[in-house]
Amino acid sequence: MRNWGKLGLHIHLCLTMKNMNYGEQNKLFKESMDWMKKELGIVPTEFVPGWWSFNKDTLKLCEKYGLKMISERDYDYTHDYHWIL
């Protein structure tokens, strides 16, 4: 994937019917970014929330970590379930 272009951060921040709080999200952001840096040698600059689920805490964390939030309108995407809907 690194050879295809940009590789950004993608985290699912939603528990069953409930968004994660700031502390839970911060832990995932930090662990994910640390892993990408250590294992891939990449420091992400963009963030795409899983299932487009985010809240005000997510936006604060993007600012804290210097990540540009990619919204649904910015991204040409598809999911496998779209083909059967």
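Located above this text is the structure these notes cover.
This text gives an overview of the structure that appears in the document. Being a predicted model, the structure only gives us computed values, none of them experimental.

**With respect to the overall build of the protein chain**
- Looking only at helices and strands, the protein chain features two helices and five strands.
- In sequence order, the protein chain lays out its α and β elements as β-β-β-α-β-α-β.
- By the burial criterion, 32% of the 85 residues in the protein chain qualify as buried.
- When the accessible surface of the protein chain is totalled, it reaches about 6500 Å², and 56% of it is carbon and sulfur.

**Examining the sheet that holds strand β5 (residues 68-69)**
- Pairing is parallel across the open sheet formed by three strands, whose spatial order is β1-β4-β5. For this open sheet the edge positions go to β1 (9-11) and β5, each flanked by a neighbour on one side alone.
- Bridging between strand β4 (residues 46-49) and β5 involves two bridges; their strand directions are parallel. Looking across to β5, one finds that Glu46 is bridged to Lys68.

**Remarks on the nonpolar core**
- One finds Leu9, Ile11, Leu13, Phe29, Phe47, Cys62 and Leu67 to be the most contacted residues of the largest nonpolar core, which totals 13 residues.
- Of all elements in the fold, only β1, α1 (22-40) and α2 (56-64) reach the threshold of two or more residues within this core.
- Sorting elements by how many residues they give to this core places α1 first, with three residues.

**Thoughts on the pattern of salt bridges**
- Overall, the coordinates contain three salt bridges when judged by the stated rule.
- The partner of Asp34 in a salt bridge is Lys30, with the nearest N and O atoms 2.8 Å apart. Taken together, the positions of Asp34 and Lys30, both in helix α1 and four residues apart, correspond to about one turn of that helix.
- Asp34 gets classed as partly exposed once you look at its relative accessible area, which sits at 43%.

**Re the packing of aromatic side chains**
- Scanning all chains against the criterion turns up two aromatic pairs.
- Following the ring pairs from residue to residue traces out a cluster consisting of Phe29, Phe47 and Tyr65.

**Side note on the packing of α1 against α2**
- Between α1 and α2, whose axes approach to 10 Å, the crossing angle comes to 40 degrees. Here α1 runs over α2; the crossing is right-handed. Here α1 contributes Tyr22, Gln25, Asn26 and Phe29 to the contact with α2, which in turn contributes Asp57, Thr58, Lys60, Leu61, Cys62 and Lys64.

**Quick word on the pairing of β4**
- Burial along β4 is two-sided: the residues Glu46 and Val48 and Phe47 and Pro49 are all buried.
- Tracing the backbone out of β4, into α2 and back to the parallel element β5 gives a crossover that is right-handed.

Quick notes on the rules
- Residues numbered from 1 in each chain as written.
- Predicted model: local features only at pLDDT ≥ 70, side-chain atom pairs only at ≥ 80, totals over all residues.
- Heavy atoms only, no water.
- Helix = DSSP H or I, 4+ residues; strand = E, 2+ residues; numbered from the N terminus.
- Buried < 20%, exposed > 50% of the residue type's maximum accessible area, 1.4 Å probe, protein only.
- Areas by Shrake-Rupley, 256 points an atom, 1.4 Å probe, with all protein chains shown as cover.
- Pairing = 2+ DSSP bridges.
- Core = buried A, V, L, I, M, F, W, Y, C linked by side-chain atoms within 4.5 Å.
- Salt bridge = Lys/Arg side-chain N within 4 Å of Asp/Glu carboxyl O.
- Phe/Tyr/Trp six-rings, centres within 6.5 Å; stacked < 30°, edge-to-face > 60°.
- Axes fitted to C-alpha atoms, helices over the stretch in contact; angles between N-to-C directions.
- Left-handed = near helix turned anticlockwise from the far one by under 90°.
- Contact = heavy atoms within 4.5 Å.
- Right-handed = clockwise from strand over helix to strand, strands pointing away.

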